[in-house]
Protein chains: 4
Amino acid sequence: MNGFNKVILIGNLTRNPELRYTPSGTPVASFALAVNRRFRQGEELKDEVCYIDIVVFGKQAEHCGQYLSKGSGVIVEGRLQQRRWETEDGQKRSKHEVVAQSVTFLPKRQDGGGGGHEPGAPDDAPAYEYEEQL
Amino acid sequence: MNGFNKVILIGNLTRNPELRYTPSGTPVASFALAVNRRFRQGEELKDEVCYIDIVVFGKQAEHCGQYLSKGSGVIVEGRLQQRRWETEDGQKRSKHEVVAQSVTFLPKRQDGGGGGHEPGAPDDAPAYEYEEQL
Amino acid sequence: MNGFNKVILIGNLTRNPELRYTPSGTPVASFALAVNRRFRQGEELKDEVCYIDIVVFGKQAEHCGQYLSKGSGVIVEGRLQQRRWETEDGQKRSKHEVVAQSVTFLPKRQDGGGGGHEPGAPDDAPAYEYEEQL
Amino acid sequence: MNGFNKVILIGNLTRNPELRYTPSGTPVASFALAVNRRFRQGEELKDEVCYIDIVVFGKQAEHCGQYLSKGSGVIVEGRLQQRRWETEDGQKRSKHEVVAQSVTFLPKRQDGGGGGHEPGAPDDAPAYEYEEQL
DNA sequence: TTTT
DNA sequence: TTTT
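Residues numbered from 1 in each chain as written. Chains lettered and ligands numbered in written order. Predicted model: local features only at pLDDT ≥ 70, side-chain atom pairs only at ≥ 80, totals over all residues. Heavy atoms only, no water.

1. Examining the overall build of chain A
Okay, so step 1: A tally of helices and strands in chain A yields one helix and seven strands.
Okay, so step 2: Secondary structure of chain A in N-to-C order comes out as β-β-β-β-α-β-β-β.
Okay, so step 3: Counting all 134 residues of chain A, 51% fall into the buried class.
Okay, so step 4: Expressed as a percentage of contacts within chain A between residues at least 6 apart in sequence, the contacts between residues at least 24 apart total 57%.
Okay, so step 5: Surface accessibility of chain A: about 6500 Å² in total, with carbon and sulfur atoms responsible for 46%. (Helix = DSSP H or I, 4+ residues; strand = E, 2+ residues; numbered from the N terminus. Buried < 20%, exposed > 50% of the residue type's maximum accessible area, 1.4 Å probe, protein only. Contact = heavy atoms within 4.5 Å. Areas by Shrake-Rupley, 256 points an atom, 1.4 Å probe, with all protein chains shown as cover.)

The structure is reproduced here in structure tokens:
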């Protein structure tokens, strides 16, 4: 069956992007993204980071090279891809990365204000309350 | 068949959110989102807006009421829902809205800089170039 | 701000698709999708349907015209779009529909077997259990 | 910055799911998903597979154990997660997997018929045609 | 106007 | 009824 493969991430660059060019001249930018997650485990608030490599092609790659740097916030939309290779001693390896279809630049976070990601169901109301008519 | 219904939108509030409470006390926030789209039609660059109403429940609703205002940028993840009612003269009507499961707050865009959302394929390279190996 | 607008739906056609052609010859298929949702409201299991119109362009439109009929199950990926018009008596109206970027055909449901969509968090375990290490 | 991390995949199980239980009794299912992609590279049609491990918790995990088997088609919605460990000789390793928030079961594809996933823009019409008014 |  |  033909698949569907969509990833949407918001995070920060862990370093400046690298800009290179393919033999035929297509720009290629790559960087690693740190995607933070905060969750409650029983009483404690915990933080967790997921690092993932991002690859971007074409004119967007050049924009990334120009406007992004370590710490920049971005929204990345793309697809998961697996890269396979062999180590020098013949072991097979693979890693997952995201091939970006779009990269949206976020400004450095303004201070003050609150906000952040507000995920999942609120915890101050029983689930069925969500079905109430307004 | 049991369905699947997922919407992900990035856009800006067209007005301040309204915060109300259900009879049983669940907070409910609502606002309209403007989702912009830029596309090429032949030679011209065109812009198009899709306006859609968003409803949020629970603690997130209160956060929306607190931190969002007209113009704020957000990522909304939720499901499409249809609301049905009758007009005073007995006509049946319905509209679609999005019941948000999560609302992510985006900072105001920095000025200067470039970037912005860079959707789809770059226009300076033929599509197949994207498949080039690096 | 430039937006992001993604919709993924699974449902059934409420009628046979209509296939037409634009003046310039692009095929256009349209149909309505019924997306079912089952949820628990307190003790009761409830069912709810969201109906939404789908438009498809190009070769896919022809495939839809050929292979789909009332009741067919499909996965639709696309974007929300608003259509605006005026009624004969000059009232402004608009409706939301989905412009499909892809349509995946599902076979009629096999009998036996269980399954269906399994959404959200399980209800037999406290949320923090989800963070347990394996 | 607090992140956003959403993955939506459609693919097939490469093997039967494994069902285990955490010490505290939470069910945990795991399986690998094959997500196919077909693309045009110049003249040729190419196929590519991305394999990724999926983990599911709770009641859904039990449903997966009961109803899914090698080859089953599913829609997985979840988040990317990185697992870190050390090899016996002290090397640090990590891999990405997807923690599913929902798993939707797809029926086996009917034979005959046409269809399948029809991604992206049709190839029989110039892109701007898509913007034509109907 | 409605599908499984 | 509309936002950047």
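2. A look at the pairing of strand 5 (residues 73–86) of chain A
Working note: regular strand, side chains alternate between the two faces of the sheet.
Residues and elements named next belong to chain A.
Okay, so step 1: For strand 5, the buried fraction is high: 10 of the 14 residues fall into the buried class.
Okay, so step 2: With six bridges joining them, strand 1 (residues 4–13) and strand 5 adopt antiparallel strand pairing. By the bridge assignment, I10 is partnered in strand 5 with I75.
Okay, so step 3: Where strand 5 and strand 6 (residues 92–106) come together, 14 bridges link them in antiparallel fashion. Bridge pairing in strand 6 places V74 opposite F105.
Okay, so step 4: Between strand 5 and the antiparallel strand that follows it, strand 6, lie five residues; G90 among them carries a positive phi value of about 80 degrees. (Pairing = 2+ DSSP bridges.)

3. Section: the confidence of the model for chain A
Okay, so step 1: Model confidence for chain A is summarised by a mean pLDDT of 82, while 78% of its residues fall at 70 or above.
Okay, so step 2: Confidence over residues 110–134 of chain A falls short of pLDDT 50; this stretch has 61 contacts with residues more than four positions distant or in other chains. (pLDDT = per-residue confidence, 0-100.)

4. Focus on the packing of aromatic side chains
Aromatic ring pairs are reported here in terms of the distance separating the ring centres and the angle at which the planes meet.
Residue and element names in this part refer to chain A.
Okay, so step 1: Under the criterion given, the structure shown has four aromatic pairs over all chains.
Okay, so step 2: When the centroid spacing of 6.2 Å and the interplanar angle of 55 degrees are considered together, the rings of Y67 and F105 count as tilted. With Y67 in helix 1 (residues 59–67) and F105 in strand 6, this pair connects stretches of sequence that are 38 residues apart.
Okay, so step 3: Look at Y67 and you get partly exposed, because its relative accessible area is 36%. (Phe/Tyr/Trp six-rings, centres within 6.5 Å; stacked < 30°, edge-to-face > 60°.)

5. Overview of the interface of chain B and chain C
Okay, so step 1: Listed per partner, the contact involves 32 residues of chain B and 32 residues of chain C.
Okay, so step 2: Roughly 3200 Å² is buried in total at the junction of chain B and chain C, and carbon and sulfur atoms are behind 55% of that figure.
Okay, so step 3: Our count for the contact surface shared by chain B and chain C stands at two salt bridges.
Okay, so step 4: Taking the shortest distance from any N to any O, the salt bridge between C:E48 and B:R79 comes out at 4.0 Å.
Okay, so step 5: Here chain B is connected to chain C by 12 residue pairs in polar contact (both at pLDDT 80 or more).
Okay, so step 6: Elements with a contribution of two residues or more to the side of chain B that touches chain C: strand 1 (4–13), strand 3 (27–41), strand 4 (44–57), strand 5 (73–86) and strand 6 (92–106) of chain B.
Okay, so step 7: With eight residues, strand 1 of chain B is the largest single contributor of residues to the side of chain B that touches chain C.
Okay, so step 8: Residue classes in the side of chain B that touches chain C are distributed as 14 nonpolar, 10 polar and eight charged.
Okay, so step 9: Sheet topology note: the strand 1 of chain B/strand 1 (residues 4–13) of chain C ladder contains seven bridges and is antiparallel. Counted as the bridge partner of B:L9 is C:N5 from strand 1 of chain C. (Buried area = accessible area lost by both parts, 1.4 Å probe. Salt bridge = Lys/Arg side-chain N within 4 Å of Asp/Glu carboxyl O. Polar contact = N/O pair within 3.5 Å; in protein donor to acceptor, adjacent residues only side chain to side chain. Nonpolar A, V, L, I, M, F, W, Y, C, P; charged D, E, K, R; others polar.)

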